[in-house]
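One-letter residues, chain by chain:
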Amino acid sequence: MTTAGEAKPRKHTKLYYCDINVCEGICCSDGAFLLDEEVRLIHKVVKKHPEHFAMLPKDYIIAGEWEGETGPQTNTRKHVYRDKPEHFKNTRCVFTEADGKCSLQTLAVKQGVHKWKYKPMGCWLFPLSSDEVGLVPPPRTRREDPNNLGKRYPGFSTSTPCGKHAEKGKVWWIALKEEVTEYRK
Ligand code: SF4
């Protein structure tokens, strides 16, 4: 029981499992910001497997910008979603395959190596994120969403089917057990 003066226990975010048939891979709509070592790794695998990445434009990694933050980012192309949050763009990462799967992951699966070997960490962790202290749980409310810029852009992960709090979902460390385990390795 919480007594006067004590902080209320934090309510945990609950999530539904990712289902690409429902979400159409909407988390890939803006492409992904990349770490320098991820840029190097992606260039290496693309060069080594041109047949797998035949759909890529020449500029598959560009100089990205988000609210004053800059860094290398995967490029996007036009894609019209059946259903999407109003403030999301009708675009998707150029590494996305027609069915919404990530080609960096399908290559790894084809090779029989770990499925996230080539995939950027920000992508496989989503809707978790990480900072200098460690793993950051998914926000439970739009107010907690770090990408909530107000009316013009009311949040990112809390607007996606797998990142939105769902009372009937699983608590996040169960829904994202694989991601949590991989991060802690
Ligand atoms: S790299 Fe893969 S998972 Fe990340 S945004 Fe692009 S298609 Fe999606």
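Here the residue numbering is sequential within each chain, running from 1 through the sequence in written order. Where local features are concerned, this predicted model is filtered to residues with pLDDT of at least 70; where side-chain atom pairs are given and counted, the filter is 80 or more; whole-chain, interface and lining totals use all residues.

*Asks:* Would you take a moment to explain the overall build of the protein for this structure?
*Replies:* For the protein, the count of helices and strands is six helices and eight strands. Strands here mean DSSP runs of E at least two residues long; helices mean DSSP runs of H or I at least four residues long; both are numbered from the N terminus. Start at the N end of the protein and walk to the C end: the helices and strands fall as β-α-α-β-β-β-β-α-α-β-β-β-α-α. The globule rule is 2.2 Å times the number of residues to the power 0.38, and the radius of gyration it is compared with is taken over C-alpha atoms. Against the globule reference of 16 Å for 185 residues, the protein gives a C-alpha radius of gyration of 17 Å, in line with a compact fold. Here the C-alpha coordinates of the protein stretch approximately 65 × 40 × 30 Å along the principal axes. In the protein, which comprises 185 residues, the share counted as buried stands at 27%. The contact criterion used here is simple: two residues whose C-beta atoms, placed from the backbone, lie within 7 Å are in contact. Contacts in the protein between residues at least 24 apart in sequence constitute 56% of all its contacts with a sequence separation of at least 6. Our exposure labels follow a C-beta count within 10 Å of each residue's own C-beta, placed from the backbone: buried means 20 or more other C-beta atoms, exposed means 12 or fewer, and partly exposed covers the counts in between.

*Asks:* Any chance you could explain unusual backbone geometry here in plain terms?
*Replies:* Excluding glycine, residues mostly have negative phi values, and the peptide bonds linking residues are mostly trans. Note the cis peptide between Phe126 and Pro127, where omega equals 10 degrees. Assignment of secondary structure puts Pro127 in the loop between helix H4 (121–125) and strand E6 (129–130). Even without glycine at this site, Glu24 takes up a positive phi of about 60 degrees. Here Glu24 shows up in the loop between helix H1 (20–23) and helix H2 (36–48).

*Asks:* Looking at this structure, how should I read the site of the ligand?
*Replies:* The full set of residues close to the ligand is Cys28, Gly31, Ala32, Thr74, Cys93, Phe95, Thr96, Cys102, Leu104, Lys119, Pro120 and Cys123. For the shell around the ligand, the per-class residue count stands at eight nonpolar, three polar and one charged. Residue proximity rests on one test: whether the C-beta atom, placed from the backbone, lies within 6 Å of the molecule or strand. Throughout, the ten residues Ala, Val, Leu, Ile, Met, Phe, Trp, Tyr, Cys and Pro are labelled nonpolar, Asp, Glu, Lys and Arg are labelled charged, and all others, Gly among them, are labelled polar.

*Asks:* Looking at this structure, I do not really get the nonpolar core. What am I missing?
*Replies:* Nonpolar side chains tend toward joint burial in soluble globular proteins. For this entry, the nonpolar core is defined as buried Ala, Val, Leu, Ile, Met, Phe, Trp, Tyr and Cys residues connected by C-beta atoms within 7 Å. In terms of nonpolar packing, the biggest core is built from 23 residues, with Cys93, Phe95, Leu104 and Phe126 touching the most fellow members. For this core, the secondary structure elements donating two or more residues are helix H3 (103–111), H4 and helix H5 (172–175). In this structure, Phe95 is in contact with Thr74, Cys102, Ser103 and Leu104, ignoring residues within four places of it in sequence.

*Asks:* Would you explain the environment of His114 in this entry?
*Replies:* On the secondary structure map, His114 appears in the loop between H3 and H4. Distance in space between the C-alpha atoms of His114 and Thr181 is 13 Å, their sequence separation being 67 residues.

*Asks:* Would you mind going over the environment of Gly100 with me for this structure?
*Replies:* By secondary structure assignment, the location of Gly100 is in the loop between strand E5 (91–93) and H3. In sequence terms Gly100 and Cys28 are 72 residues apart; their C-alpha atoms lie 8.5 Å from each other. Not counting residues up to four positions away in its chain, the partners in contact with Gly100 are Ile20, Glu24 and Gly25.

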